Amino acid sequence: MMGRQFLAATAVAVLAAGCAAPTGKQDKVVYHINEGLAQASNGLRNIGNHLEVNPDAKIAVVTHALGVDFLMKGAKDKNGAKYEDMVEQLRQRGVQFDVCEITLRNRKLSKDQFIEYVTWVPSGVAEVTRLQQKEGYAYLKP
């Protein structure tokens, strides 16, 4: 019995050390926004917090459905702050903002309705999948 307890304690110590040890790799995270302005506000705040403690993180924000609305020209949060200003600040810190072209087609939106800082992707959900499976991004949904 004493051997099992020792092994269990050793395993916990090794796992804890592994979690705390730096990997030397840059964090890569995809934030998935598809529910509208409230979710976008939460996501932008989360990204700011993320970059505060990990300024070298590589962050992509993938939007589709109602999640694209905060990236439209003139969009404002509930306090009247322009999303474009918040997006520009994060973009200057390396954050990429992707907009789903299927959403544009389905909602009859045009690219000229969006701020200049966005990147176009054929499908938001396919892009989230690609980033996770092929690029090794962690997934966060605010």
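Residues numbered from 1 in each chain as written. Predicted model: local features only at pLDDT ≥ 70, side-chain atom pairs only at ≥ 80, totals over all residues. Heavy atoms only, no water.

Caption draft 1: Representation of the overall build of the protein chain in the model. Tallying secondary structure elements over the protein chain gives five helices and five strands in all. Listing the helices and strands of the protein chain from first to last along the sequence gives α-β-α-β-α-β-α-β-α-β. Counting over 142 residues, the protein chain shows a buried share of 37%. Counting only contacts in the protein chain whose residues sit at least 6 apart along the sequence, the fraction spanning at least 24 positions is 69%. Carbon and sulfur atoms make up 54% of the accessible area of the protein chain, which totals about 8700 Å². (Helix = DSSP H or I, 4+ residues; strand = E, 2+ residues; numbered from the N terminus. Buried < 20%, exposed > 50% of the residue type's maximum accessible area, 1.4 Å probe, protein only. Contact = heavy atoms within 4.5 Å. Areas by Shrake-Rupley, 256 points an atom, 1.4 Å probe, with all protein chains shown as cover.)

Caption draft 2: Quick peek at the packing of helix H2 (residues 37-53) against helix H3 (residues 83-91). Axis separation between H2 and H3 bottoms out at 11 Å; the angle between their running directions is 30°. Relative to H3, H2 is oriented roughly parallel. Where H2 crosses over H3, the handedness of that crossing is left-handed. Where H2 approaches H3, its residues Leu37, Ser41, Leu44, Ile47, Gly48 and Leu51 are matched on the opposing element by Tyr83, Met86 and Leu90. Here the residues of the contact of H2 with H3 are counted per class, giving seven nonpolar, two polar and no charged. (Axes fitted to C-alpha atoms, helices over the stretch in contact; angles between N-to-C directions. Parallel < 35°, antiparallel > 145°, perpendicular 65-115°, else oblique. Left-handed = near helix turned anticlockwise from the far one by under 90°. Nonpolar A, V, L, I, M, F, W, Y, C, P; charged D, E, K, R; others polar.)

Caption draft 3: Fine view of the pairing of strand S1 (residues 28-33). In terms of burial, S1 is largely enclosed, as five of its six residues are buried. Where S1 and strand S2 (residues 58-63) come together, six bridges link them in parallel fashion. Its bridge partner lying in S2, Ile33 is registered against Thr63. Crossover S1 to S2 through H2 is right-handed. (Pairing = 2+ DSSP bridges. Right-handed = clockwise from strand over helix to strand, strands pointing away.)

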